[in-house]
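# Residue-level structure breakdown
Next come the chains, spelled out residue by residue.
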Amino acid sequence: MKEFLSKDFHLDKRLTINQLLALHTYQKNYRVKVYLLINHETITLENLANLVSFSLTMSPKCKIKLIVEGENAQVTLEELTKCLQQEVYIIAN
């Protein structure tokens, strides 16, 4: 069953390139759509170049919303939360 879930984050610093790569890889390898909402702008994780450019424009301390659409949205949200909060990198199959 398709679900929409979201979670807010307060970042202390910009996302690292490793975090961005992990987010992009996760989006690419699983059947979910993941969006980041920052300052009323939304970006998908599908295009890595756009994701990196977008991350460079965000302030070091900002609030973002992670939005997940698809099956097993709760599991996806939990795994991506780890990536954003603890710099745990997801290895996709």
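Below, the structure is looked at part by part. (Residues numbered from 1 in each chain as written. Predicted model: local features only at pLDDT ≥ 70, side-chain atom pairs only at ≥ 80, totals over all residues. Heavy atoms only, no water.)

### A closer look at the side chain of Gln27
Structurally, Gln27 is set in helix H1 (residues 17-29). A polar contact is formed between the side chain of Gln27 and the backbone oxygen of Val32, at a distance of 2.9 Å. Not counting the four nearest positions on each side in its chain, Gln27 is found in contact with Val32, Lys33, Val34, Leu45 and Glu46. (Helix = DSSP H or I, 4+ residues; strand = E, 2+ residues; numbered from the N terminus. Polar contact = N/O pair within 3.5 Å; in protein donor to acceptor, adjacent residues only side chain to side chain. Contact = heavy atoms within 4.5 Å.)

### A look at the environment of Lys61
Following the sequence through the fold, Lys61 ends up in the loop between helix H2 (48-57) and strand S4 (62-70). In the structure, Lys61 is positioned 21 residues away from His40 in sequence and 16 Å away in space, judged by C-alpha atoms. The contacts of Lys61, once residues within four sequence positions are left out, are Leu11 and Asp12.

### Digging into the pattern of salt bridges
The final tally for this structure, using the stated rule, is three salt bridges. A salt bridge links Glu69 to Lys2; the nearest nitrogen and oxygen atoms lie 3.4 Å apart. Of this pair, Glu69 sits in strand S4 while Lys2 sits in the segment before strand S1 (3-11), and the two are 67 residues apart along the sequence. A relative accessible area of 57% means that Lys2 is categorised as exposed. Put simply, Glu46 and Lys33 hold a salt bridge, and the shortest N to O gap is 2.6 Å. Of this pair, Glu46 sits in the loop between strand S3 (41-44) and H2 while Lys33 sits in strand S2 (residues 32-38), and the two are 13 residues apart along the sequence. (Salt bridge = Lys/Arg side-chain N within 4 Å of Asp/Glu carboxyl O. Buried < 20%, exposed > 50% of the residue type's maximum accessible area, 1.4 Å probe, protein only.)

### Considering the packing of H1 against H2
The contact between H1 and H2 brings their axes to 10 Å, and the two run at 140°. Here H1 and H2 pass one another in a crossing that is right-handed. Contacts between H1 and H2 involve Ile17, Leu20, Leu21 and His24 on the former and, on the latter, Leu48, Leu51, Val52 and Ser55. Class assignment of the residues belonging to the contact of H1 with H2 gives a composition of six nonpolar, two polar and no charged. (Axes fitted to C-alpha atoms, helices over the stretch in contact; angles between N-to-C directions. Left-handed = near helix turned anticlockwise from the far one by under 90°. Nonpolar A, V, L, I, M, F, W, Y, C, P; charged D, E, K, R; others polar.)

### Re the nonpolar core
It is characteristic of soluble globular proteins that their nonpolar side chains tend to be buried jointly. The biggest cluster of nonpolar side chains holds 25 residues, and the ones touching the most others in it are Leu15, Leu23, Leu36, Ile64, Leu66 and Leu84. In terms of residue count, the dominant contributor to this core is helix H3 (residues 73-86) (five residues). (Core = buried A, V, L, I, M, F, W, Y, C linked by side-chain atoms within 4.5 Å.)

### Regarding the sheet that holds S4
Spatial ordering of the open sheet is given by S1-S4-S2-S3, a layout of four strands whose pairing is antiparallel. One side of each edge strand has no neighbouring strand; the edge strands of this open sheet are S1 and S3. Neighbour to neighbour, the strand axes of the sheet diverge by 25° on average, direction disregarded. Where S1 meets S4, nine bridges bridge the pair, whose relative direction is antiparallel. Looking at S4, one finds that Lys7 is bridged to Leu66. Together, S2 and S3 form the strand contacts of H2, whose direction differs from that of S3 by roughly 145°. (Pairing = 2+ DSSP bridges.)

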